[in-house]
Amino acid sequence: MLDDTSFAIHPGNSQAEKPVIYRDVGSLNSYEKDGSTYLFSCENAEVAVRFFRADIVRVVMNPESTPALDQSRAVIANAEDVAVRVIDEDIYLTLATERLEIHITKTPFRITIKDSSGQELVGEGERGMCYQADGTVAAFKKMHGADHFYGFGEKSGHLNKRGEALEMWNTDVYAPHNPETDPLYESIPYFMTLREGRAHGIFFDNTFRSFFDMKTSEDTYSFSAEGGQLDYYVMAGPDPKAVLQQYTHLTGRIPLPSKWSLGYHQSRYSYESEKEVRALAQNFIDKDIPIDVIHLDIHYMDGYRVFTFDKDRFPNPKKLIADLRDMGIRVVPIVDPGVKKDSEYAIYQEGVRDDLFCKYLEGDIYFGDVWPGTSAFPDFTEQKVRDWWGEKHAFYTEIGVEGIWNDMNEPAVFNETKTMDTSVMHRNDGRPTTHRELHNVYGLLMGEATYEGMKKQLDGKRPFLLTRAGYGGVQRYGSVWTGDNRSFWEHLQMSLPMVMNLGLSGVAFTGPDVGGFAHDTNAELLTRWTQVGAFTPFFRNHSAIGFRYQEPWQFGEKYEAIMRRYIQMRYEWMPQLYSLFYEASVSGLPVMRPLFMEFPDDEKTYNLNDQFMIGDNVMIAPILQPSVTDRAVYMPEGTWVDIMTEQEYAGGMSHLIHAELEDLPIFVKKGTAFVMGDWTSNKDKTPKDVTLNVYHGEPGETYRMTFYDDDGETYAYENGDYMKLELKIVSEAKGVDVRVVGQSGNFKPAYGSILVGFHGDSVDDVKVNGQQKRQIDL
Ligand code: MIG
């Protein structure tokens, strides 16, 4: 194609683009209050302001009619009763809550959102909210010199997106994920602004193709969409954690995952037969490499028909699944949305008979080409269809499946546009709407259908869903992997900011294909990637057809031993990770965090791409380049201890750290603690011992942490069968006192007590609740 050659930068190409004419909302004519909503009638548009909480406000501009406030697929929170003070002056109008001040200039209508101290969070200047004749809606906001932007869901490139332009349109991208490759599979039109240590957030809840421009100007940024309303929420912060709590209050939090889904996953496109899967599983057992899940990619199906097994390759899936389960391994099959057009195939028959597929306005089913050939696509925008699709999963759950992998749900179609015809008319639960508007939520709604269906069938067990596409709120249903990366060191590097920005977008349970999907991996890359994978929230090794197999033993004993060690380490860290996932499920905070989330006043952390935090006190600084065994590690304030060598490092500066191929640099902040278990066996993965590792701090220094545990797979915790300990760790001159300041739940873990391990060079004086003791009895 000409685009791929230098022809694309032909000197005759004009730089000038068509002039864009924006129509401003104009001046305020009148306003009224309707319940918790303030409605502003402006010259050229209507604007609604609704407070969701004192710290969350929603602004909706509709160029055509009264703003619609009840159509979100992302937001599940209701507006609460918020006390609002209204101050109407001649030229200004102010709506103030305890946390936010909405300052409105009447002529022209401009909105400035301030915090309660009067500091501007989101301001408008010459331009404000506007639209174009083609239906585009846009908001221009003031960009401050110190602004840094994060989130935006799944994006390649660096952590801080200032200087970038980003697009939201769920897209299947097999071509290399380059720094400029955009958009990808997920659309989360949300970002967080960090400005001099303080943070606020914006969620632009518009499902059309949308754009964020943090690049064109140094004093203005904008967000816009091809149609619909200009509908956005401002979250007051004041720090990154508060913003995430606010955003996930609106769009929901991850359900508490089962422990098995947090273990190691092995995948391949594809393990093609029962025999191959059994041999694979046995290899993990024989080699004592921990594993919880084997994924079945598209070859398990009969001609790529979803809800079928190929009878030659997989003659007895039920037995396979039961036998693997006895070995401590679960099976997660892939399910794509495309249903093969085949009059003799029951799913297709039902879909046609009961009118469940996406159709054109005129009534014809939309057909697209995917793996099974010509296929129809369930219209997940309709409750009836979501219920049907969910019920169909009994096919899997009845033979012991507890997790499903959704792929191609952008939806991806093999054609020029890579997706469904945008003129397809979705049923949309009674409000028919085109695919142009609903494209970005197709994957989210497929996820909802799958997750809710499995949940009903699993008889009290937690389902696991892995999904490729999604929209804001996708975290409610599943985990997300970052799609078709490649076995490049650059992709290992890029996966860190990508996973961190997903976490900052509410999606706490994510990870890349460890080892890289396409391209041949190599021993060193796979080893380094597995070390990182042991700490990314989702941990799956996956590789593509036609490329080198990359199970942990494929490169010889030396590398296998290192990978075994790190996969086992994942399980040793499980008690800590599980507590952090519990925290994510109740507060929305990610498990894997950028450093700035913990140190928002430290500018050196604002674009730190190659280090990350696990929780609030453990920092990982992996080696991300070939042949490298030394790297600079930035240590924020405090003193940091290398957990392998016990060597201490002063904070507020960088240190050169040595790490041979078998070493992953892990540091813990002095004065804090974390829990660890031991690796037992694949069959029984529950630890025998759990130890609280305390790192001695300055006398008087305290650290608070929550330790959470339960059976790891059912919903019994909802009825009190959990154990939650609130610990306060107080460093003293000669040792430490571990105080249990809160304890709840009825769950009694098999390990019976938590041992206390002391790390420090002062006198080894360990107390529990003030008594000389080295264990917490449960
Ligand atoms: O276009 O099911 O991202 O993980 O192995 C290929 C086959 C379709 C894309 C997924 C990849 C999966 C593959 N799928």
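Bear in mind the structure is a predicted one, so any value in this text is a computation, not a measurement.

Participant: Residues and numbers for the overall build of the protein chain, please.
Facilitator: Within the protein chain one finds 13 helices and 52 strands. The C-alpha radius of gyration of the protein chain comes to 27 Å, within 12% of the 28 Å expected for a compact globule of 778 residues. Expressed along its principal axes, the backbone C-alpha trace of the protein chain runs to roughly 70 × 70 × 60 Å. Taken across its 778 residues, the protein chain has 62% of its residues classed as buried. Of the contacts made within the protein chain by residues no fewer than 6 positions apart, 67% connect residues no fewer than 24 positions apart. Just so you have it, the protein chain exposes about 28600 Å², and 47% of that area is on carbon and sulfur atoms. Both charge centroids of the protein chain, one from 78 positive and one from 117 negative side chains, sit 3 Å from each other.

Participant: Give me the lowdown on unusual backbone geometry, citing residues and values where you can.
Facilitator: Omega for the bond connecting threonine 107 with proline 108 falls within 30 degrees of zero, at -10 degrees, which places this linkage in the cis form. Of note, proline 108 is situated in the loop between β8 (100-105) and β9 (110-115). Backbone torsion omega between tyrosine 269 and serine 270 reads -5 degrees, so that peptide bond is classified as cis. As for its position among the elements, serine 270 is in the loop between β21 (265-266) and α2 (274-286). Positive phi is not limited to glycine here, since aspartate 429 has a value of about 45 degrees. Secondary-structure assignment places aspartate 429 in the loop between β28 (425-426) and β29 (433-434). Residue class for aspartate 429 comes out partly exposed when judged on its relative accessible area of 35%. For histidine 519, which is not glycine, the phi dihedral falls at a positive 80 degrees. Tracing the chain through its elements places histidine 519 in the loop between β34 (513-514) and α10 (523-533).

Conventions and cut-offs
- Residues numbered from 1 in each chain as written.
- Predicted model: local features only at pLDDT ≥ 70, side-chain atom pairs only at ≥ 80, totals over all residues.
- Heavy atoms only, no water.
- Helix = DSSP H or I, 4+ residues; strand = E, 2+ residues; numbered from the N terminus.
- Rg over C-alpha atoms; globule rule 2.2 N^0.38 Å.
- Buried < 20%, exposed > 50% of the residue type's maximum accessible area, 1.4 Å probe, protein only.
- Contact = heavy atoms within 4.5 Å.
- Areas by Shrake-Rupley, 256 points an atom, 1.4 Å probe, with all protein chains shown as cover.
- Lys, Arg positive; Asp, Glu negative; His and termini not counted.
- Charge placed at Lys NZ, Arg CZ, Asp CG, Glu CD.

The values are spatial; any link to function lies outside them.
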